[in-house]
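# Breakdown of the fold
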Amino acid sequence: MNPIEDIFKLLFDRYGPQYWWPADTPFEVIVGAILTQATNWRNVEKAIKNLKREYLLDPFKLYSLDEEKLSILIKPVGFYKIKAKRLKNFLKYFMEKYKGDLISMNKKSTKELREELLKINGLGKETVDSILLYVFNRPLFVIDNYTKKIFTCLEIGKLSLSYDEWQEIFHKSLFPIYQLFQEYHALIVEHGKRECKNCSNNCFLKNFLLNNRGFYKSTNYFI
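So, a few notes on the structure that sits alongside this text. Remember, it's a predicted structure, so these values are computed and weren't measured experimentally. (Residues numbered from 1 in each chain as written. Predicted model: local features only at pLDDT ≥ 70, side-chain atom pairs only at ≥ 80, totals over all residues. Heavy atoms only, no water.)

This part is about the packing of helix α10 (residues 145-153) against helix α12 (residues 178-196). As a packed pair, α10 and α12 sit with axes 9 Å apart at the nearest point and diverge in direction by 70°. The pairing of α10 with α12 is recorded here as roughly perpendicular in orientation. Here Tyr-146, Thr-147, Lys-149, Ile-150 and Phe-151 of α10 come into contact with α12, specifically with Tyr-184, Ile-188, Val-189, His-191, Gly-192, Lys-193 and Cys-196. Split by residue class, the contact of α10 with α12 holds seven nonpolar, three polar and two charged. (Axes fitted to C-alpha atoms, helices over the stretch in contact; angles between N-to-C directions. Helix = DSSP H or I, 4+ residues; strand = E, 2+ residues; numbered from the N terminus. Parallel < 35°, antiparallel > 145°, perpendicular 65-115°, else oblique. Contact = heavy atoms within 4.5 Å. Nonpolar A, V, L, I, M, F, W, Y, C, P; charged D, E, K, R; others polar.)

Structure (structure tokens):
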């Protein structure tokens, strides 16, 4: 056992299964992952509702849709012109390379697919790994701001670590099981929303690790 595994168990016992990603289709997950950059999920839900109301949450329809009209529909997410462009960039790649077929896309190895997606202008590592984890069930741990903040507070890493360095901590500590990674990331987000906005520096995770620090002292987890 290690503290990363124990933290998952504590979060799961406290909050239960999160049933992530909240979407009706795999394509909706992709749209949500792109739109959620630098905004909260409520705003993404409003934008997706607008697309559904116009019967446009479909790769073929969005690919054909005028970018200006798309930006108006996704306005609730903020930076809507930039995000419309990013969504269009993905759609161009998806339609021209895979004809809008996620099954064909899923035939690529994780390494190949990640490299392809990272080449799309506007898609960073967090967005790409969210797509790979929640759409294609690839075991890549998603590192977001909540992850960095929580695990820095728990002295498992430093806020200054790069995305890849943070990801390596989780990949070395957990079995590469996509269901575990999906649930763990969702639980981190839930804990962040509930506890970290008004942090008392006395949450149940920190208390647990402080009480068991002697047990973990022979490991290299603590900075």
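From this point, the discussion proceeds with the structure in view.
Turning our attention to unusual backbone geometry. With an omega dihedral of 5°, the bond running from Trp-20 to Trp-21 counts as a cis peptide bond. Residue position: Trp-21 is located in the loop between α1 (3-15) and α2 (26-35). Backbone geometry at Phe-79 places phi at a positive 45°, although glycine is not the residue there. Positionally, Phe-79 belongs in the loop between α5 (67-73) and α6 (80-98). According to the relative accessible area criterion, Phe-79 is exposed, its value standing at 58%. (Buried < 20%, exposed > 50% of the residue type's maximum accessible area, 1.4 Å probe, protein only.)

When the terminal C-alpha atoms of α12 are compared, their 26 Å separation across 19 residues agrees well with the 27 Å that a helix rising 1.5 Å per residue should span. Within α12, 14 of the 19 residues are buried, which leaves the element mostly enclosed by the surrounding structure. (Expected span 1.5 Å × (residues − 1).)

Next up on the list: the packing of α1 against α12. At a closest axis distance of 10 Å, the pairing of α1 and α12 adopts a crossing angle of 65°. Considered as vectors, α1 and α12 are oriented roughly perpendicular to each other. Here α1 and α12 pass one another in a crossing that is left-handed. Residues Ile-4, Ile-7, Phe-8, Leu-11, Phe-12 and Tyr-15 of α1 touch α12, and the partners they reach there are Leu-180, Glu-183, Tyr-184, Leu-187, Ile-188, Glu-190, His-191, Arg-194 and Glu-195. Residues of the contact of α1 with α12, tallied by class, amount to 10 nonpolar, one polar and four charged. (Left-handed = near helix turned anticlockwise from the far one by under 90°.)

Summed over all chains, the structure comprises 12 salt bridges. As a salt-bridge pair, Lys-52 and Glu-28 come within 3.2 Å of each other at their nearest N and O atoms. Note that Lys-52 is positioned in helix α3 (residues 41-53) and Glu-28 in helix α2, a separation of 24 residues in sequence. Glu-28 gets classed as buried once you look at its relative accessible area, which sits at 6%. Of the charged contacts, one joins Lys-193 and Glu-190 as a salt bridge, the two residues approaching to 3.9 Å between their closest N and O atoms. Residue Lys-193 and its partner Glu-190 are located together in helix α12, separated by three residues, close to a single helical turn. For Lys-193, a relative accessible area of 44% puts it in the partly exposed group. Through salt bridges with shared partners, a single ionic network connects Asp-24, Glu-28 and Lys-52. (Salt bridge = Lys/Arg side-chain N within 4 Å of Asp/Glu carboxyl O.)

Burial within helix α9 (residues 125-134) is extensive, with eight of its 10 residues counted as buried. Along α9, the residues that are buried comprise Thr-127, Val-128, Asp-129, Ser-130, Ile-131, Leu-132, Leu-133 and Tyr-134. Buried residues along α9 sit against α2, α8 (110-118), α11 (163-173) and α12.

Bringing the packing of aromatic side chains into the picture now. One pass over the full model with this rule turns up 17 aromatic pairs. Of the aromatic side chains, those joined through ring pairs into one cluster are Phe-8, Phe-12, Phe-141, Phe-151, Phe-170, Phe-181 and Tyr-184. Directly above the ring of Phe-204 sits Arg-14, whose terminal nitrogen or CZ lies 3.8 Å from the centroid. (Phe/Tyr/Trp six-rings, centres within 6.5 Å; stacked < 30°, edge-to-face > 60°. Lys NZ or Arg CZ within 6 Å of the ring centre and 35° of its normal.)

Grouped together as the largest cluster of nonpolar side chains are 70 residues, with contacts concentrated most on Leu-62, Phe-90, Met-105, Leu-117, Phe-151, Phe-170 and Tyr-184. Examining the composition of this core, we find that eight residues originate from one element, α6, more than from any other. In contact with Leu-117, other than residues within four places in its own chain, are Phe-90, Tyr-93, Met-105, Leu-123, Val-128, Ile-131 and Leu-132. (Core = buried A, V, L, I, M, F, W, Y, C linked by side-chain atoms within 4.5 Å.)

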